[in-house]
Amino acid sequence: MKNFRKPKKAAGAESRYRRHRRLVRIGQALMAAGALVAISHWIAHLAATGQGPSLTEDIFIGYPTGGLLILIGAVLAGRTETKKR
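Quick caveat: nothing in here was measured; it's all calculated off a predicted structure.

**As for the overall build of the protein chain**
Each helix and strand counted, the protein chain has three helices and zero strands in total. What you see in the protein chain, going N to C, is helices and strands ordered as α-α-α. Burial statistics for the protein chain: of 85 residues in total, 13% are counted as buried. Residue pairs at least 24 apart in sequence account for 76% of intrachain contacts in the protein chain once pairs closer than 6 positions are excluded. As displayed, the protein chain offers around 7,300 Å² of accessible surface, 64% of which is attributable to carbon and sulfur atoms.

The following block contains the structure:
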């Protein structure tokens, strides 16, 4: 039986750079989204009516989600550019 798959082309420097920049921008966007989640949760705690987020929202939705998004975004945005081998 013949193999009809085309061999993979070696990734050029330009495509590696574009992929790296895309991952950095995605990481920055995730960090911004995490900051927005944390800030909106903090604002919800400052509600003038005295009715802030419930306990489950505090444990699962508010600060942990914001922190997790910031952490994942920082890992992606902090990647070093791939070196030529």
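On we go from here.
**Quick word on a nonpolar patch on the surface**
A grouping of Ile39, Trp42, Ile43, Leu46 and Tyr63 is seen on the molecular surface, where their side chains present a nonpolar patch of about 540 Å² in accessible area. At three residues, helix α1 (residues 13-45) tops the list of elements feeding residues into the nonpolar patch. For tyrosine 63, the location among the structural elements is in helix α3 (residues 63-77).

**Notes on the pattern of salt bridges**
Two side chains carrying opposite charge are able to pair once their charged atoms lie near each other. A complete count under the given rule lists one salt bridge for this structure. One salt bridge connects glutamate 14 with arginine 18, and the closest N-O pair in it is separated by 2.9 Å. Taken together, the residues span about one helical turn, with glutamate 14 and arginine 18 both in helix α1 at a distance of four residues. A relative accessible area of 46% places arginine 18 in the partly exposed class.

Parameters and conventions
- Residues numbered from 1 in each chain as written.
- Predicted model: local features only at pLDDT ≥ 70, side-chain atom pairs only at ≥ 80, totals over all residues.
- Heavy atoms only, no water.
- Helix = DSSP H or I, 4+ residues; strand = E, 2+ residues; numbered from the N terminus.
- Buried < 20%, exposed > 50% of the residue type's maximum accessible area, 1.4 Å probe, protein only.
- Contact = heavy atoms within 4.5 Å.
- Areas by Shrake-Rupley, 256 points an atom, 1.4 Å probe, with all protein chains shown as cover.
- Patch = residues over 30% accessible without salt bridge, like charges linked within 9 Å, V, L, I, M, F, W, Y side chains within 5 Å.
- Salt bridge = Lys/Arg side-chain N within 4 Å of Asp/Glu carboxyl O.

Note that every value here comes from positions in space, so none of it alone points to a role or purpose.
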